[in-house]
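Topology and contacts: notes
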Amino acid sequence: MIPTLRRLFVLLSFGGACLAQEPAPATPAAAPSTTPKLVVGLYDVQGLWGGNNVEVFSNDKCIVSRYTRPKGSGVFHILKFEAQLPAGESQKLLRLADSTKFLEYREERKGGVPDEAHPRIKIPVENASPFEVSKWAGEKSAKFDPLYKALLEIAQKTRPGKVLHDGPEKKAVKKR
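Throughout what follows, the structure given in this document is the object of discussion. Please read these numbers as outputs of a predicted model, since none were measured by experiment.

A word on the sheet that holds strand β1 (residues 38-46). Judged by pairing direction, the sheet is antiparallel, and its seven strands sit side by side in the order β6-β5-β1-β2-β3-β4-β7 without closing on themselves. The sheet is open, and its two edges are formed by β6 (131-134) and β7 (163-168), each paired on a single side. Strand-to-strand twist across the sheet, computed as the mean angle between neighbouring axes with direction ignored, equals 10 degrees. Pairing analysis gives six bridges linking strand β2 (residues 50-57) to strand β3 (residues 61-68), with the strands arranged antiparallel. Opposite asparagine 53, over in β3, you have serine 65 as the bridge partner. Across the sheet, helix α3 (residues 145-157) touches β1, β2, β3 and β5 (120-123), and the angle it forms with β2 is around 100 degrees.

Okay, the packing of helix α2 (residues 89-99) against α3 next. Interaxial distance between α2 and α3 falls to 9 Å at its minimum, and their mutual angle equals 155 degrees. In terms of orientation, α2 and α3 fall into the roughly antiparallel class. Judged by the twist between their axes, the crossing of α2 over α3 is right-handed. Together, Glu89, Leu93, Leu96 and Ala97 of α2 and Pro146, Leu147, Ala150, Leu151 and Ile154 of α3 make up the contact between the two elements. Per-class residue counts for the contact of α2 with α3 are eight nonpolar, no polar and one charged.

Core analysis: the biggest nonpolar cluster contains 26 residues, and Val40, Val54, Val56, Phe102, Ile121, Leu147 and Leu151 have the highest contact counts within it. At the level of secondary structure, the elements contributing two or more residues to this core comprise β1, β2, β3, β4 (77-84), α2, β5, β6 and α3. A per-element tally of this core places α3 first, with six residues. Ignoring anything within four residues of it in the chain, the contact list for phenylalanine 102 reads Ala97, Ile121, Ile123, Phe131, Val133, Lys143, Phe144 and Leu147.

The next thing to look at is the packing of aromatic side chains. Scanning all chains against the criterion turns up five aromatic pairs. Pairing phenylalanine 102 with phenylalanine 131 gives two aromatic rings, centres 5.6 Å apart and planes at 80 degrees, and the pair type is edge-to-face. With a gap of 29 residues between them, phenylalanine 102 in the loop between α2 and β5 and phenylalanine 131 in strand β6 connect regions that are remote in the sequence. On the accessibility criterion, phenylalanine 102 (0% relative accessible area) is buried. The class of phenylalanine 131 is buried, set by a relative accessible area of 15%. On the basis of an interplanar angle of 35 degrees and a centroid distance of 5.9 Å, the ring pair of phenylalanine 144 and tyrosine 148 is categorised as tilted. The class of phenylalanine 144 is buried, set by a relative accessible area of 0%. According to the relative accessible area criterion, tyrosine 148 is buried, its value standing at 15%. One aromatic cluster in this structure is built from Phe102, Tyr105, Phe131, Phe144 and Tyr148. The positively charged end of arginine 69 is found above the aromatic ring belonging to phenylalanine 76, 4.2 Å away from the centroid.

Looking now at the side chain of glutamate 139. Position of glutamate 139 relative to the elements: it lies in the loop between β6 and α3. The class of glutamate 139 is buried, set by a relative accessible area of 6%. Polar side-chain contacts of glutamate 139 include one of 2.6 Å to the side chain of tyrosine 105. If we ignore the near neighbours within four places in the chain, the residues touching glutamate 139 are Tyr105, Glu107, Glu108, Arg109 and Asp145.

Calculation criteria
Residues numbered from 1 in each chain as written. Predicted model: local features only at pLDDT ≥ 70, side-chain atom pairs only at ≥ 80, totals over all residues. Heavy atoms only, no water. Pairing = 2+ DSSP bridges. Helix = DSSP H or I, 4+ residues; strand = E, 2+ residues; numbered from the N terminus. Axes fitted to C-alpha atoms, helices over the stretch in contact; angles between N-to-C directions. Contact = heavy atoms within 4.5 Å. Parallel < 35°, antiparallel > 145°, perpendicular 65-115°, else oblique. Left-handed = near helix turned anticlockwise from the far one by under 90°. Nonpolar A, V, L, I, M, F, W, Y, C, P; charged D, E, K, R; others polar. Core = buried A, V, L, I, M, F, W, Y, C linked by side-chain atoms within 4.5 Å. Buried < 20%, exposed > 50% of the residue type's maximum accessible area, 1.4 Å probe, protein only. Phe/Tyr/Trp six-rings, centres within 6.5 Å; stacked < 30°, edge-to-face > 60°. Lys NZ or Arg CZ within 6 Å of the ring centre and 35° of its normal. Polar contact = N/O pair within 3.5 Å; in protein donor to acceptor, adjacent residues only side chain to side chain.

Structural data, given as structure tokens:
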């Protein structure tokens, strides 16, 4: 009975123009994606001395890359691995970003001193470009530093799980 009343209302509302149109069949909702999404990433590798990258995903797994330069070597040694973080860690990081107003942070100075690190943090934003900001190592920020320190601690203290790469950096060889 309700669908008939609905059609009658549509007919009266639009002067009969919709009489022959049937409502579109319901389409099934898309299944939720089971692929973990990036929650936050830290990219903190200084070109001369190395550093760490860490990406934390919605399933509380992370991928850590540790870059070290062996003494006398011209290339980095990279240990890249997956690891499982404690349950809820990805949400804890987002709450930290929210409580410190991380999304309001803007880099203050545009140039650093030679060899100064310039870490970058990225937080994907649904239906928009990711929020990405960097900070020079010598700069202090109550909005950037807490999240940076939390991500750096994950990068440095997380024990390797599945190793993805353990060896020298793969450099592209230029052909002459």
